Amino acid sequence: MSQSLCHNGSDVLMLGFDYELRRRGFAGNSCQIVLELAQPVDPTALEARLTKLVQQNPILCARPVRGFKPRWKPTSRTPQVRVHAPAPNLAQQLFNEPLALHRGELIRFDLIGRTLVFTWSHALMDAKSAEYFLAALGAETLPALEAGQDWYAQRAALPGNLRARAKEAWRELERLDQFRNALPVSLATQRPPTANKMNYRALHLTAADTAQVHAHAARLGGFLGETTFHLAAALVELHQLHARTGVASASYVVPISVGLRPKGTRAPLFSNQITMLLHQFLPAQLADMPQAIAAIKARKAESLRHAHIDAGIAMAQLFRALPLRLYMWLVKHELRGEICSLFFGDTGVADAALETFLGAHIESIVHVPAVTVPPGIGLVFYQFRNQLAFTLVTAQGTLTETEAEEFIHRLRGRLL
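Reading the values: the criteria
- Here the residue index of a chain counts from 1 through its sequence in written order.
- Local features in this predicted model are restricted to residues whose pLDDT is 70 or higher, and side-chain atom pairs enter the listing and the counts only when it is 80 or higher, whereas totals over whole chains, interfaces and linings include all residues.
- The side-chain figures draw on all heavy atoms in the structure; neither hydrogens nor water molecules are used.
- Counting from the N terminus, the helices are the DSSP runs of H or I reaching at least four residues and the strands are the DSSP runs of E reaching at least two.
- Between the two quantities, the radius of gyration covers C-alpha atoms and the globule rule is 2.2 Å times the number of residues to the power 0.38.
- Exposure is judged per residue with a 1.4 Å probe applied to protein chains only, and the accessible area is read against the type maximum: over 50% gives exposed, under 20% gives buried, and values in between give partly exposed.
- By definition, residues are in contact when any of their heavy atoms lie within 4.5 Å.
- All accessibility values rest on the Shrake-Rupley procedure with a 1.4 Å probe; residue burial counts only the protein chains present in the view.
- By definition, two strands form a pair when at least two bridges between them are found by DSSP.
- When the strands point away from the viewer and the path from the first strand over the helix to the second turns clockwise, the crossover is right-handed.
- Buried Ala, Val, Leu, Ile, Met, Phe, Trp, Tyr and Cys residues that are joined via side-chain atoms within 4.5 Å together make up what is termed a nonpolar core.
- Lines fitted to C-alpha atoms define the axes here, with helix axes fitted over just the stretch in contact, and angles between the N-to-C directions of these axes take values from 0 to 180 degrees.
- Oblique is the label for every angle not falling under 35 degrees (roughly parallel), over 145 degrees (roughly antiparallel), or within 65 to 115 degrees (roughly perpendicular).

Quick word on the overall build of the protein
For step 1, the next point in the chain: What the protein contains, in helices and strands, is twelve helices and 15 strands.
For step 2, the next point in the chain: Computed over the C-alpha atoms, the radius of gyration of the protein is 21 Å, within 12% of the 22 Å expected from 2.2 N^0.38 for a compact globule of 416 residues.
For step 3, the next point in the chain: Dimensions of the protein along its principal axes, counting C-alpha atoms only, are 55 × 55 × 40 Å.
For step 4, the next point in the chain: Counting every position in the protein, which comprises 416 residues, the buried fraction comes to 55%.
For step 5, the next point in the chain: Sequence separation of 24 or more characterises 77% of the internal contacts of the protein that already satisfy a separation of 6 or more.
For step 6, the next point in the chain: For the protein, the exposed area adds up to about 16700 Å²; of that, 55% sits on carbon and sulfur atoms.

Following this line, the structure appears as structure tokens:
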């Protein structure tokens with residue numbers, strides 16, 4: 001890897017979220033994939049494979065360097081593989097254990113009996129890349145991930161005329177400035193966390209229930225598909241959750257992930273090739289599913305018509321050399337301190353190669369997303385072996401146990 005591999009716009013956004021979480025005492029902008037296996041894996045074999053992959057891909061143990069030319073700098077660190085005795089809620093505890101990001105720790109593996117917990121920095125890669133990485137790491141024959149491709153060459157560079165890109169970035173700031181007409185108020189702003197930790201709960205639907213959700217999505221979501229349906233259900237339930245908890249909000253702002261990776265490719269693997277496009281929804285648009293779906297479709301059409309994605313990318317690219325403190329101030333400035341109302345993600349169907357890991361059959365998968373405070377609440381959908389699942393992440397104290405469980409079961413009912 002080049003000794004001066006520059007951050008792209010997505011990197012700096014994720015590093016900004018990491019800065020914001022650590023500033024508030026949380027573990028940072030890390031994600032998890034939890035695999036339940038039919039049998040425990042050999043930690044020595046896993047360590048040996050990781051060593052080979054780090055030799056091929058030094059970015060797996062690189063640290064972010066800020067300054068005039070922000071970049072990733074390789075270190076001599078080796079990813080940890082830790083073995084633990086089974087204990088209640090241990091995976092939750094590990095999710096709240098920070099990675100030593102500024103010393104080059106971008107990934108970590110924890111083995112708890114038949115459970116494998118993979119934790120990675122969200123600045124390194126998105127969830128789909130993480131699935132592919134796990135599948136490659138646990139394959140029968142370890143592939144050379146760099147073979148035949150330059151995994152780093154296609155990072156989002158700063159193209160075109162600098163003045164033109166600056167105009168695009170300013171256009172994005174002006175769009176966000178319009179959100180002030182109906183400022184959002186997130187749950188964690190009105191109900192601050194009682195501890196600097198995140199709790200998560202995963203719900204798996206049966207194959208029959210999943211088929212029913214697919215049918216409803218096709219009927220109501222139309223050609224925009226299941227992600228639109230999942231997002232609409234999440235927004236309607238979020239609005240009702242605000243009503244039940246007494247947290248009034250004039251609007252709800254949700255970032256929708258936009259993939260920047262060329263369609264049909266995995267490259268670049270170790271680079272977070274997504275951006276977050278913020279959309280604002282008014283309470284009147286979230287009264288029921290048809291209204292919510294119509295509002296989402298309108299926002300997506302507007303984004304395509306006015307090239308909002310390009311403007312958002314330009315803003316992140318131009319500001320990547322700024323100090324993270326200043327960058328996050330700019331991100332939150334238009335919303336008066338808020339980042340959004342809900343972090344939402346939908347990774348779709350799990351990587352087809354995730355059938356076994358180092359010879360052990362994979363029985364289930366749980367995705368755990370990173371969530372900043374505010375809003376202190378996030379939701380990710382995913383599907384494994386024809387079973388839809390979703391994970392709710394909340395900052396401790398923002399929702400009570402009862403409120404979180406009620407939200408999950410009401411969302412399940414909404415989907416069905």
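Points about the pairing of strand S6 (residues 107–112)
In summary, the side chains of a regular strand alternate between the two faces of the sheet.
For step 1, the next point in the chain: Most of S6 is tucked away: six of the six residues are buried.
For step 2, the next point in the chain: Sheet topology places strand S5 (residues 80–84) next to S6; five bridges connect them, and they run parallel. Note on S6: the bridge partner recorded for Val 83 is Leu 111.
For step 3, the next point in the chain: With helix H3 (residues 90–95) bridging S5 and the parallel S6, this β-α-β connection has right-handed handedness.

Focus on the nonpolar core
For step 1, the next point in the chain: Grouped together as the largest cluster of nonpolar side chains are 89 residues, with contacts concentrated most on Phe 109, Leu 116, Phe 118, Phe 133 and Phe 357.
For step 2, the next point in the chain: Excluding residues that lie within four positions of it along the chain, Phe 357 makes contacts with Leu 35, Leu 37, Val 41, Leu 46, Leu 116, Leu 134, Leu 137, Gly 138 and Ile 362.
For step 3, the next point in the chain: If you look at the next biggest cluster of nonpolar residues, it comprises 39 residues, including Ala 217, Ala 233, Leu 342 and Phe 390.

Looking at the sheet that holds strand S4 (residues 71–74)
For step 1, the next point in the chain: Read across the open sheet, the three strands follow the order S1-S4-S3; overall the sheet is antiparallel. The open sheet has two edge strands, strand S1 (5–6) and strand S3 (62–65), and neither has a second partner.
For step 2, the next point in the chain: Pairing geometry for S1 and S4, over two bridges, is antiparallel. By the bridge assignment for S4, Cys 6 is matched with Arg 71.

With respect to the packing of helix H5 (residues 162–177) against helix H10 (residues 308–318)
When two helices pack together, you describe them by how their axes are tilted relative to each other and by the distance separating the axes.
For step 1, the next point in the chain: One can describe the packing of H5 onto H10 by two numbers: an axis separation of 7 Å at closest approach and a directional angle of 110 degrees. The orientation of H5 with respect to H10, classified from their angle, is roughly perpendicular. Contacts between H5 and H10 involve Leu 162, Arg 165, Ala 166, Glu 168, Ala 169, Arg 171, Glu 172, Leu 173 and Arg 175 from the first element and His 308, Asp 310, Ala 311, Gly 312, Ile 313, Ala 314, Met 315, Gln 317 and Leu 318 from the second.

Remember that the coordinates give geometry; whether it matters functionally is a separate question.
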